[in-house]
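Residues per chain are reported as follows:
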Amino acid sequence: SRPAPGSSGKMAAPMSRSRRVLEPGAAPYGNFPNYSRFHPPEERVSLLPQGLLRSLFPAATHPLLGLDVGCNSGELSVALYQHLLGLQDSNSSTELPGAGKELKLLCCDIDPELIRRAQQSNPFPASISFASLDIMDSGAREPFLSSYLQRFGRSSFDIGFCMSVTMWIHLNHGDKGLLEFLALLASLCTFLLVEPQPWKCYRAAARRLRRLGRSDFEHFRSLRIKGDMAESITRILTQECAMELVCSFGNTSWDRSLLLFKSTSAHPEG
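Let me sum up the structure you'll find in this document. A quick note: this is a predicted structure, and the numbers were derived from the prediction, not measured.

About the thresholds
Residues numbered from 1 in each chain as written. Predicted model: local features only at pLDDT ≥ 70, side-chain atom pairs only at ≥ 80, totals over all residues. Heavy atoms only, no water. Helix = DSSP H or I, 4+ residues; strand = E, 2+ residues; numbered from the N terminus. Polar contact = N/O pair within 3.5 Å; in protein donor to acceptor, adjacent residues only side chain to side chain. Contact = heavy atoms within 4.5 Å. Buried < 20%, exposed > 50% of the residue type's maximum accessible area, 1.4 Å probe, protein only. Arc of directions from axis to C-beta. Axes fitted to C-alpha atoms, helices over the stretch in contact; angles between N-to-C directions. Left-handed = near helix turned anticlockwise from the far one by under 90°. Nonpolar A, V, L, I, M, F, W, Y, C, P; charged D, E, K, R; others polar. Phe/Tyr/Trp six-rings, centres within 6.5 Å; stacked < 30°, edge-to-face > 60°. Right-handed = clockwise from strand over helix to strand, strands pointing away. Pairing = 2+ DSSP bridges.

**A word on the side chain of R141**
Alright, step 1. Looking at where R141 falls in the secondary structure, it is placed in helix α8 (residues 138–151).
Alright, step 2. Side-chain polar atoms of R141 contact the backbone oxygen of I135, separated by 2.8 Å.
Alright, step 3. Excluding its chain neighbours within four sequence positions, the residues that come into contact with R141 are L133, I135, M136 and L184.

Below you can see the structure in the form of structure tokens.
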């Protein structure tokens, strides 16, 4: 995650580097230090069609703005950027001429250490920005996102990415927090790509904490939104957040669906 102006950092998990490596269950916000090793980015992006960005924005005359929430150490963010711009076959780590004019990607995560790693290994620093931000902290979020958007004379993002993040918001902030989070993304983004974790992942996350002798997630046993989480999130976004489901791109081998939504309310730049 990247240091954001005004970010309190209050939600970063207090753990030493050794515990981060040895105890994956000690990542209560999903901030696993080696996440991409067991959920490789390639499998996600391979589900997305070539030319997706151009098909969604055929008449774009300005840089498209993307927001990736919960980016971890950035491997998936970079893979998404390369895939969307058709750069994935390039062996070069340098940006192709003009690529940055097409997409600017802002990636945030709650964990400053993961963001530091993402910044150090960022192959496209002119187009991809990494920052540490607790997206649920409105006091930090609002000035930070507003400042970024104002640099481009914009008030919203063209496309948002929420890849295996909803469960962590849900477990740490409850049903109310999940509803607020989805409403926030819907208000910020014209298109939104979501990869929800299925309910079995909630149970696995709770078991990991218990095995470590830690107290359970505060909201786990009181959640009323449960069961088929892809269906629940689709219902919330379409019925309560003024979005429509555009496409389901299928499931990864670890049984997570990729769902693309579009805002039905008028975004000024849309």
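Moving on from the model shown.
**Here's the deal with helix α7 (residues 112–120)**
Alright, step 1. For α7, the set of buried residues is L114, I115 and A118. In a view along the axis of α7, the buried residues occupy a sector of 100°, so they form one face of it.

**Regarding the packing of helix α9 (residues 166–188) against helix α11 (residues 229–240)**
Geometrically, a packed helix pair is captured by the angle between its two axes and the distance between the axes.
Alright, step 1. One can describe the packing of α9 onto α11 by two numbers: an axis separation of 9 Å at closest approach and a directional angle of 35°. Two packed elements cross with a definite hand, and for α9 against α11 that hand is right-handed. Of the residues in α11, those in contact with T166, H170, L178, L179, L182 and A186 of α9 are M229, I233, I236, L237 and E240.
Alright, step 2. When its residues are assigned to classes, the contact of α9 with α11 shows 8 nonpolar, 2 polar and 1 charged.

**Re the side chain of T234**
Alright, step 1. Relative to the helices and strands, T234 is located in helix α11.
Alright, step 2. The residues contacting T234, other than those within four sequence positions of it, are L245, L259 and F261.

**Description of the environment of H62**
Alright, step 1. Mapped onto the elements of the fold, H62 is located in the loop between α4 (52–56) and β1 (64–69).
Alright, step 2. Separated by 40 residues in the primary sequence, H62 and E102 place their C-alpha atoms 7.1 Å from one another.

**Comments concerning the packing of aromatic side chains**
The description of an aromatic ring pair rests on the distance of the ring centres and on the angle between the ring planes.
Alright, step 1. Evaluation of the coordinates by the stated rule reveals 7 aromatic pairs.
Alright, step 2. Aromatic pair Y81 and F124: ring centres 4.9 Å apart, planes at 45°, arrangement tilted. Of this pair, Y81 sits in helix α5 (residues 75–84) while F124 is found in the loop between α7 and β3 (128–132), placing the two residues 43 residues apart along the sequence. The residues Y81 and F124 share a single accessibility class, namely buried.
Alright, step 3. Relative to F157, the ring of Y148 lies with its centre 6.1 Å away and its plane at 15°, an arrangement referred to as stacked.

**Brief notes about the pairing of strand β5 (residues 189–195)**
Alright, step 1. Of all the 7 residues making up β5, 7 are buried; the element is thus mostly covered by neighbouring parts of the structure.
Alright, step 2. Handedness of the crossover is the feature at issue here: the chain leaves strand β4 (residues 157–163), passes through α9, returns alongside β5, and the resulting connection is right-handed.
Alright, step 3. Pairing between β5 and strand β7 (residues 257–263): 4 bridges, direction antiparallel. Directly across from V194, in β7, lies its bridge partner L259.

**Focus: the sheet that holds strand β6 (residues 243–251)**
Alright, step 1. What the 7 strands build is an open sheet, ordered β3-β2-β1-β4-β5-β7-β6; its pairing is mixed. Every other strand in the sheet has two partners, leaving β3 and β6 as the edge strands with one partner each. Between one strand axis and the next, the sheet turns by 15° as a mean value, whatever way the strands run.
Alright, step 2. Together, β5, β6 and β7 form the strand contacts of α11, whose direction differs from that of β7 by roughly 5°.

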